[in-house]
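# Structural overview for review
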Amino acid sequence: MFEEIGSTALFLCLIVLLISLILLTLLVLLIHSGLFTPVKEVGTGKPPLGKVAIAYKFQKGPYNESGQTFTEAHIIAPNNKCVGIYYDDPKKVPSHELRYAVGCILGSDIAEVDPDLLSRFNEKGFKSITLPEVEYAVQTSFPHVTTLSILIGIHKAYPRLCEYIEERKLCAHPFLEFYNGDHIHFFAPLSKQEEFWVPECQQHFDGRGDETADTSDMNTTLDTSHSIIGDESVLSDDTPRATPDIEVTNKSSDVLEVSLEKEVGKVSDGGGDGSNDTVGSVLCAGVEDDVNENGGGNGEDDDNDNSSSSSFEVLKNEAVE
């Protein structure tokens, strides 16, 4: 009986010892990977990545699935450095709609890339694009010691970057991760942002999403409504940014003209108090001043015809332009 108790106690002690060793090993690994290592102080400066040609795959889905594409690119070119571009804020966009491009660096210019290497990437479904060089970006870095360093670095770097951008109301997007071997560099460019958007993102914005979508008429207007960006109020005039311009086609102009005629007709027929609230609801508030200047807000019957006519001309011109 005592022998059985002794054997059971010894077995339990061995299990506890084994679990303790595993936990201790994991703790040491986490510490070695940077568990208690802070990210480099967040600041603004020239990022470590200049003008480069990259092979990439565009994906939509949870960001934590990007590792598969990193691995695929690394298998094709094990000696090349990897890069990832992340376009959306996971706090605002559903995980299955998150957009990102992952791949590796081919060289400083697409014309100088080894044709055989480029062909191997193309066979695996990768495409190529040249990223611009920028002078300023919000950036930080974290030591890349083990694979766990990636997870630790991500959870430490992005909150600090977002805090820095929000406090200073900067327009910095998209976010890039550059793996140069011993460090992971996290940065968001402050200029030329539209040149970091791969064509597939433009196709997604165009509403078609297919590989043959024509994006030549988009004027590089990109969907940044859910991008991880700050307020643009403090930017200088020469800072590039993606502006949601809307090109009014002939068809949409006709529809808008009919809508405007109906709205102005309400004012002419006495359907309102003569104010510019109804007309102003058709277009943006920028037109309201022009409507007011042409008598849209006096509310007198004798001036209704003139104010309606001039208001319509102003709105029509704005729509055509």
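In what follows, the structure referred to is the one given above.
Below or above, wherever it landed, is the structure these notes cover. (Residues numbered from 1 in each chain as written. Predicted model: local features only at pLDDT ≥ 70, side-chain atom pairs only at ≥ 80, totals over all residues. Heavy atoms only, no water.)

### Some points on the environment of Tyr 158
- Relative to the assigned elements, Tyr 158 resides in helix H4 (residues 147-168).
- Considering only alpha carbons, one finds Tyr 158 and Val 39, 119 residues apart in sequence, at a separation of 10.0 Å.
- Ignoring any residue separated from it by four or fewer positions in sequence, one finds Tyr 158 in contact with Tyr 86, Phe 175, Glu 177 and Phe 186. (Helix = DSSP H or I, 4+ residues; strand = E, 2+ residues; numbered from the N terminus. Contact = heavy atoms within 4.5 Å.)

### Points about the pairing of strand E6 (residues 137-143)
- Counting buried residues in E6 gives 6 out of 7 residues, a clear majority hidden from the surface.
- Pairing between strand E1 (residues 43-45) and E6: 3 bridges, direction antiparallel. When the sheet's bridge partners are listed, Gly 43 is paired in E6 with Gln 139.
- Taken together, the 7 bridges between E6 and strand E8 (residues 183-189) define a ladder with antiparallel strand orientation. Residue pairing across strands places Thr 140 opposite Phe 186, the latter belonging to E8. (Buried < 20%, exposed > 50% of the residue type's maximum accessible area, 1.4 Å probe, protein only. Pairing = 2+ DSSP bridges.)

### Some thoughts on the side chain of Thr 140
- Residue placement: Thr 140 occurs in strand E6.
- Separated by 2.4 Å, the side chain of Thr 140 and the backbone oxygen of Lys 40 make a polar contact.
- Once residues within four sequence positions are removed from consideration, Thr 140 is found in contact with Val 39, Lys 40, Glu 41, Val 42, Ala 157, Leu 161, Ile 184, His 185 and Phe 186. (Polar contact = N/O pair within 3.5 Å; in protein donor to acceptor, adjacent residues only side chain to side chain.)

### A few points about the nonpolar core
- Core analysis: the largest hydrophobic core is formed by 38 residues, its most contacted members being Tyr 86, Leu 106, Phe 121, Val 138, Leu 161 and Phe 186.
- Ranked by residue count, the leading element in this core is H4, at 6 residues.
- What Val 138 contacts, discounting residues up to four positions off in sequence, is Val 42, Gly 43, Thr 44, Leu 161, Tyr 164, Ile 165, Leu 170, Ala 172, Phe 186, Phe 187, Ala 188 and Leu 190.
- One finds Val 83, Leu 131, Ala 137 and Trp 197 within the second-largest nonpolar core, a separate group that totals 21 residues. (Core = buried A, V, L, I, M, F, W, Y, C linked by side-chain atoms within 4.5 Å.)

### Some points on the packing of aromatic side chains
- If you walk through the whole model with that rule in mind, you get 8 aromatic pairs.
- For the pair Tyr 63 and Tyr 86, a centre-to-centre distance of 4.9 Å together with 75° between the ring planes defines the contact as edge-to-face. With Tyr 63 in the loop between strand E2 (52-60) and helix H2 (66-76) and Tyr 86 in strand E3 (residues 82-86), this pair connects stretches of sequence that are 23 residues apart. Here Tyr 63 matches Tyr 86 in class, with each residue buried.
- Among the aromatic residues, those joined into a ring-pair cluster are Tyr 63, Tyr 86 and Tyr 100.
- When the ring centre of Tyr 164 is taken as reference, the NZ or CZ atom of Arg 168 above it lies at 3.8 Å. (Phe/Tyr/Trp six-rings, centres within 6.5 Å; stacked < 30°, edge-to-face > 60°. Lys NZ or Arg CZ within 6 Å of the ring centre and 35° of its normal.)

### Description of the sheet that holds E2
- The strand order E1-E6-E8-E7-E3-E4-E2-E5 describes an open sheet built from 8 strands, whose pairing is antiparallel. Of all the strands in the sheet, the pair left with one neighbour each is E1 and strand E5 (127-131). Averaged over neighbouring strand pairs, the angle between their axes works out to 30° when direction is ignored.
- Of the strands in this sheet, E1, E3, E6, strand E7 (175-179) and E8 are in contact with H4, which crosses E6 at around 155°. (Axes fitted to C-alpha atoms, helices over the stretch in contact; angles between N-to-C directions.)

### Considerations on H2
- Among the residues making up H2, those that are buried are Ser 66, Thr 69, Phe 70, Ala 73 and Ile 76. The buried residues of H2 occupy one face: seen down the axis, they fall within an arc of 125°. With respect to the buried face of H2, the exposed residues turned more than 90 degrees away are Gln 68 and Ile 75.
- Of the surrounding elements, those touching the buried residues of H2 are E2, E3, strand E4 (99-107), helix H3 (115-123) and E7. (Arc of directions from axis to C-beta.)

### Here we look at the layout of surface pockets
- One number sums up the size of the largest pocket: a volume of about 1,200 Å³.
- Mapped onto the lining of the largest pocket, the elements with two or more residues apiece are H2, E3, H4 and E7.
- When residues of the lining of the largest pocket are assigned to their parent elements, the largest contribution, 10 residues, is made by H4.
- Of the residues that constitute the lining of the largest pocket, the class distribution is 18 nonpolar, 11 polar and 6 charged. (1 Å grid on protein atoms, 1.4 Å probe; cavity = no way out; pocket = protein on both sides within 12 Å on 5 of 7 lines; lining within 4 Å. Points joined across faces, edges and corners; volume = space filled by probe spheres on them. Nonpolar A, V, L, I, M, F, W, Y, C, P; charged D, E, K, R; others polar.)

### With respect to the state of the cysteines
- For the coordinates displayed, the defined rule picks out 0 disulfides.
- The cysteine Cys 104 is free of any disulfide, with Cys 82 supplying the nearest cysteine sulfur at 5.7 Å.
- Take Cys 104: its relative accessible area is 0%, and that puts it in the buried class. (Disulfide = S-S within 2.5 Å.)

### Let's talk about the pattern of salt bridges
- Tallied over the entire structure, the rule returns 7 salt bridges.
- Ionic pairing is found between Arg 99 and Asp 88, a salt bridge with its closest N-O pair at 2.8 Å. Of this pair, Arg 99 sits in strand E4 while Asp 88 sits in the loop between E3 and E4, placing them 11 residues apart in sequence.
- Across the salt bridge formed by Arg 168 and Glu 167, the nearest N and O atoms sit 3.5 Å from each other.
- According to the relative accessible area criterion, Arg 168 is partly exposed, its value standing at 39%.
- Residue classification places Glu 167 among the exposed positions, given a relative accessible area of 54%. (Salt bridge = Lys/Arg side-chain N within 4 Å of Asp/Glu carboxyl O.)

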